[in-house]
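# Working through the structure, step by step
Here is how the chains run, residue by residue.
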Amino acid sequence: MHSFGYRLNGLLTFAVTILALMCAITSLSDNFNTPSPSAEIKIMNINWFQKQPQGHDEVSLTMNVSADLQSLFTWNTKQVFIFVAAEYETRKNSLNQVSLWDAIIPAKEHAKFWIHTSNKYRFVDQGNNLRGKKFNLTLHWHVMPKTGKMFADKIVLTGYSLPEEYR
Amino acid sequence: MVISSALIIWKGLIYITGSESPVVVVLSGSMEPGFKRGDILFLNMNKDPIRAGQIVVFNDGRDVPIVHRVIEVHEQRDSKEADILTKGDANPHDDRMLYTSSNRWLQRKYIMGRAVGFLPYVGWLTIIMTDKPII
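About the cut-offs
- Position labels on residues start from 1 in each chain and follow its written sequence.
- As they are written, the chains are lettered A onward and the ligands numbered 1 onward, keeping that order.
- Residue-level local features of this predicted model are given only where pLDDT is at least 70; pairs of side-chain atoms are given and counted only at 80 or more, and the full residue set underlies all totals for whole chains, interfaces and linings.
- Just so you know, side-chain values use all the structure's heavy atoms and leave hydrogens and water out.
- Pairs were defined over the aromatic rings of Phe, Tyr and Trp, the Trp ring being its six-membered one, requiring ring centres within 6.5 Å. Orientation was assigned from the angle between planes: stacked under 30 degrees, edge-to-face over 60, tilted for the rest.
- Whether a residue is buried, partly exposed or exposed follows from its accessible area with a 1.4 Å probe, protein chains only, as a fraction of its type maximum: under 20%, in between, or over 50%, in that order.
- Helix and strand definitions follow DSSP, with helices as H or I runs of at least four residues and strands as E runs of at least two, each counted in order from the N terminus.
- In this scheme, the term charge over a ring applies when either NZ of a lysine or CZ of an arginine sits within 6 Å of the ring centre and within 35 degrees of the ring normal.
- Contacts: residue pairs with any heavy atoms within 4.5 Å of one another.
- Two parts lose some accessible area (1.4 Å probe) when they are put together, and adding that loss for both gives the buried area.
- By definition, a salt bridge exists where a carboxyl oxygen of Asp or Glu is found within 4 Å of a side-chain nitrogen of Lys or Arg.
- By the criterion applied in these results, polar contacts are pairs of N or O atoms within 3.5 Å in which, for protein atoms, one can donate a hydrogen and the other can accept it, and in which residues neighboring in sequence qualify only through two side-chain atoms.
- For the purposes of this section, nonpolar cores are sets of buried Ala, Val, Leu, Ile, Met, Phe, Trp, Tyr and Cys residues that join through side-chain atoms within 4.5 Å.
- Residue ranges for the domains trace back to a domain assignment, done automatically or taken from a database.
- Residue polarity is assigned by list, with Asp, Glu, Lys and Arg as charged and Ala, Val, Leu, Ile, Met, Phe, Trp, Tyr, Cys and Pro as nonpolar; anything else, Gly included, falls into the polar class.

### A look at the packing of aromatic side chains
According to the stated counting rule, one finds eight aromatic pairs over all chains in the structure shown. Plain terms: the ring middles of F81(A) and F83(A) are 6.3 Å apart, the flat faces sit at 50 degrees to each other, and that makes the pair tilted. Neither residue differs from the other here; F81(A) and F83(A) are each classed as buried. Ring centres 6.0 Å apart and planes at 40 degrees place the aromatic pair Y88(A) and F123(A) in the tilted group. Taken together, the positions of Y88(A) in strand β3 (residues 77–88) and F123(A) in strand β6 (residues 123–124) put the pair 35 residues apart, joining distant regions of the chain. A network of ring pairs unites the aromatic residues Y88(A), F123(A), F135(A) and Y160(A) as a single cluster. Sitting over the ring of F81(A), R69(B) keeps its end group 3.6 Å from the ring centre. The aromatic ring of W105(B) is capped on one face by R96(B), whose charged end is 4.5 Å from the ring centroid.

Structural data, given as structure tokens:
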């Protein structure tokens, strides 16, 4: 009962259990954080709006994104992944979500920012439904912890629309 | 003791999360710096619809499942089936080139679970565990 093997086994189990417990408590401490993020997105320009050779509508736009996400960071936060998605519906699809831009915020100091950018990813519809289309822009964030449970949420900004004609 | 408690936890997780592989090990660096090789991810699979931003594990008939983020969702009105596009955070391009049999989109049936939590570095332990022919 007191051989080296048994002692090592007992020690290892105990160590791993304590470690797992500490990670769980660390993760639980994130629940005490009540975040109050804010964001604003302005579409500065519709650069072009075309029907692609394969037949799908595509838009290129430039937008201004400003946000304050500092309240999302806790001591257990490794990074916050954010992205802006356009959400709209069409006759065939009840929901379309297309990610236009994303970024990684590695620390609280970088979480209050302002960026002027064109869409990083192509805004392509599955059909030709984008003319005159009203859409929402959502800023999503995904809090990735150093250990434990990940939190995700979003802010929905409504009231955007695309031009009636291709240009 | 280590092995039996690990087994209990593993089987318990399968039951709680409702997924056949409730834990996966991150094998590539395509989701860095969020997830590094050797991290383990806790998965959950419920009937909630797949939405952009979720980190999903999918296997469309390849050797190893891939853990990437959903960047596009097109959900059909009538069938509620959805066309999904994924991309690794650290990759410059989306996964379209990776999908098997020249699919342009992923379907929900290929998705094994959503990542809801993670533990760093412990993945190396899981690799050792799954090598033992207990389960």
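Additional details are given in the paragraphs that follow.
### What to know about the interface of chain B and chain A
Across the contact, 32 residues belong to chain B and 37 residues belong to chain A. When chain B packs against chain A, close to 2800 Å² is buried across both sides, 54% of that on carbon and sulfur atoms. Remark: the boundary between chain B and chain A carries one salt bridge. One salt bridge connects R77(B) with E89(A), and the closest N-O pair in it is separated by 3.7 Å. Counting the contacts that link chain B with chain A gives 17 residue pairs in polar contact (both at pLDDT 80 or more). When residues of the side of chain B that touches chain A are traced back to their parent elements, those giving at least two are α1 (2–17), β4 (66–76), β5 (82–87) and β6 (111–119) of chain B. At seven residues, β4(B) tops the list of elements feeding residues into the side of chain B that touches chain A.

### A closer look at the nonpolar core
Counting residues in each nonpolar core, the largest one holds 34 residues, and the members touching the most others are L69(A), I82(A) and F123(A). Elements supplying a minimum of two residues to this core: β1 (38–51), β2 (57–68), β3, β4 (93–105), β7 (134–145) and β9 (151–161) of chain A. Not counting residues within four places of it along the chain, the set of residues in contact with F123(A) comprises D57(A), E58(A), V59(A), L61(A), A86(A), Y88(A), V98(A), L100(A) and L130(A). Counting residues in each nonpolar core, the second largest holds 17 residues, with F83(A), V24(B), M31(B) and F118(B) among its members.

### Comments concerning the environment of V73(B)
Mapped onto the elements of the fold, V73(B) is located in strand β4. Residues V73(B) and G12(B) lie 61 residues apart in sequence; the distance between their C-alpha atoms is 32 Å. Ignoring any residue separated from it by four or fewer positions in sequence, one finds V73(B) in contact with L95(A), N96(A), Q97(A), I50(B), R51(B), A52(B), A82(B) and D83(B).

### Description of the domain arrangement of chain A
It is common to give the size of an interface as the accessible area that goes away when the parts come together. Residue and element names in this part refer to chain A. Split into domains, chain A comes out as domain 1 (1–32) and domain 2 (33–161). Taking only C-alpha atoms into account, the centre of domain 1 sits 40 Å from that of domain 2. Between domain 1 and domain 2, the contact holds seven residues from the first and 10 residues from the second. Taken together, the two surfaces of domain 1 and domain 2 that pack against each other cover about 710 Å², and 47% of this comes from carbon and sulfur. Looking only at domain 1, the three residues that lose the most surface to domain 2 are T26, S27 and D30, adding up to 64% of its buried area. In this assembly, domain 1 and domain 2 are joined by zero salt bridges. Where domain 1 packs against domain 2, one counts six residue pairs in polar contact (both at pLDDT 80 or more). For the side of domain 1 that touches domain 2, the class distribution of residues is two nonpolar, four polar and one charged.

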